[in-house]
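# What the coordinates show
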Amino acid sequence: MADVHSRAGERYANADIRAYVDQLHAGHDLPLQRAFEAPEREGMPAIQVGPSEGKLLGMLIALTGARRVVEVGTLAGYSAVRMARALPRDGRLWTIELDPKHAAVARTRLAEAGVADQAEVLQGAALEVLTRLAPEGPFDAVFIDADKGNYDRYGRWAREHLRPGGLLLGDNAYFFGRLLEDTPEAGAMRRFHEEAAQAFDTVCIPTPDGLLLGIKR
Ligand code: SAH
Ligand code: MG
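Residues numbered from 1 in each chain as written. Chains lettered and ligands numbered in written order. Predicted model: local features only at pLDDT ≥ 70, side-chain atom pairs only at ≥ 80, totals over all residues. Heavy atoms only, no water.

### Overview of the coordination of the magnesium ion (ligand 2)
Expected angles at a metal are 109.5 degrees for tetrahedral coordination by four donors and either 90 or 180 degrees for octahedral coordination by six donors. Protein coordination of the magnesium ion (ligand 2) is provided by Asp145 (OD), Asp171 (OD) and Asn172 (OD1), with donor distances spanning 2.0 to 2.1 Å. Here the donor residues for the magnesium ion (ligand 2) map to a single chain with the spacing D-x25-D-N. Considered together, Asp171 and Asn172 belong to a single accessibility category, that of buried residues. (Donors = N, O, S within 2.8 Å, 3.2 Å for Na, K, Ca; no water. Buried < 20%, exposed > 50% of the residue type's maximum accessible area, 1.4 Å probe, protein only.)

Encoded structure:
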């Protein structure tokens, strides 16, 4: 299937085109802009989702009416602000972050965005925190965006704790272009794909690094 479609991203969407559509369709108010810039400003890795992917995450939450949402990997809270703002008033986001500094920055950004009441940053290793969080389920959506070598485990947790019809989202689904390599982490990411394809109706959206979307059967 290596036809024009598989190369369309590279061929058509250069940096200027991306900047134009990001600004037009997925622009930032001040709190979003500050959350987006926080990683660089605070000396953290700038590995947040792009503006269009962030907007898409929020739109998927809104479209599905998700009320109980889990994020694995908070960083500075950019994607968390996008999703929390898309929740209904009684909705809730739990977002999990290993690094205490990242968690602290994210709490500030979520507060400034006006969603502190709806979004809780849980600091700790995701596998442990997820186990503690399970009784709050079943959940309507799970967004996975943390350490790639554990994606298979995070995917299994999502399968167990999402309601039927619930939404699975996985960022970096192309694993930075290394998805097909013979390494343990790439293997974990392929297992994430393959197990998701069994338990969910799935598509891998061709964002710059792939966004896996699944609806639980
Ligand atoms: N979703 C964020 C980006 C997350 S970057 C956004 O788009 O704005 C990935 C984050 O996962 C980093 O902050 C990293 O510290 C965190 N992380 C890495 N391993 C983790 C683990 N085992 N448990 C929880 N968080 C982890
Ligand atoms: Mg990511």
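### Focus: the site of ligand 1
Near ligand 1 there are 20 residues, and of these Gly73, Ser79, Glu97, His102 and Asp145 occur at the shortest range. Gly73 has a polar backbone atom sitting 2.9 Å from a nitrogen atom of ligand 1. Its free accessible area being 590 Å², ligand 1 has 89% of it covered by the protein chains. Taken together, the residues of the shell around ligand 1 break down into 10 nonpolar, 6 polar and 4 charged. (Near = heavy atom within 4 Å. Polar contact = N/O pair within 3.5 Å; in protein donor to acceptor, adjacent residues only side chain to side chain. Areas by Shrake-Rupley, 256 points an atom, 1.4 Å probe, with all protein chains shown as cover. Nonpolar A, V, L, I, M, F, W, Y, C, P; charged D, E, K, R; others polar.)

### Examining the packing of aromatic side chains
The description of two aromatic rings rests on the distance between their centres and on the angle between their planes. Summed over all chains, the structure comprises 5 aromatic pairs. Residues Trp94 and Phe139 carry aromatic rings whose centres are separated by 5.5 Å and whose planes lie at 80 degrees to one another, so their mutual orientation is edge-to-face. In this pair, Trp94 sits in strand β2 (residues 92-97) while Phe139 sits in strand β4 (residues 139-144), placing the two residues 45 residues apart along the sequence. Between Tyr151 and Phe192, the aromatic rings sit 5.2 Å apart at their centres with planes inclined by 80 degrees, giving edge-to-face as the arrangement. Here Tyr151 is found in helix α8 (residues 151-161), whereas its partner Phe192 is found in helix α9 (residues 184-199), with 41 residues between them in sequence. You'll find Tyr151 and Phe192 in the same group, each marked buried. (Phe/Tyr/Trp six-rings, centres within 6.5 Å; stacked < 30°, edge-to-face > 60°. Helix = DSSP H or I, 4+ residues; strand = E, 2+ residues; numbered from the N terminus.)

### Thoughts on the pattern of salt bridges
Counting across every chain of the model gives 11 salt bridges. A salt bridge links Asp140 to Arg163, with the shortest nitrogen-to-oxygen separation between them at 2.7 Å. In this pair, Asp140 is assigned in strand β4 and Arg163 in strand β5 (residues 162-171), connecting sequence segments 23 residues apart. On the basis of relative accessible area, Arg163 is assigned to the partly exposed category, the value being 29%. Between Lys148 and Asp145 there is a salt bridge; the shortest N-O distance is 3.5 Å. No difference in accessibility class separates Lys148 from Asp145, as the two residues are buried. Connected via shared salt-bridge partners are Asp152, Arg156, Arg191 and Glu195. (Salt bridge = Lys/Arg side-chain N within 4 Å of Asp/Glu carboxyl O.)

### Quick word on the environment of Gly124
Mapped onto the fold, Gly124 is located in the loop between β3 (119-123) and α7 (126-133). For Gly124, a relative accessible area of 12% puts it in the buried group. C-alpha of Gly124 to C-alpha of Pro100: the two residues are 24 residues apart in sequence and 8.0 Å apart in space. Residues within four places of Gly124 in sequence aside, it is in contact with Ile96, Glu97, Leu98 and Val129. (Contact = heavy atoms within 4.5 Å.)

### A few points about the environment of Gly65
Locating Gly65 in the fold gives a position in the loop between α4 (51-64) and β1 (68-72). Of the residues examined, Gly65 reaches a relative accessible area of 43% and is grouped as partly exposed. Sequence separation between Gly65 and Leu87 is 22 residues, and the spatial gap between their C-alpha atoms is 7.4 Å.

### Observations concerning the pairing of β5
Most of β5 sits inside the fold, with 7 of its 10 residues counted as buried. In terms of strand pairing, β4 meets β5 through 5 bridges, oriented parallel. Paired with Val142 across the strands is Leu168, a residue of β5. In this view, the connection linking β4 to its parallel neighbour β5 by way of α8 has right-handed handedness. Sheet analysis places β5 next to strand β7 (residues 211-216), joined by 5 bridges and oriented antiparallel. Counted as the bridge partner of Asp171 is Leu211 from β7. (Pairing = 2+ DSSP bridges. Right-handed = clockwise from strand over helix to strand, strands pointing away.)

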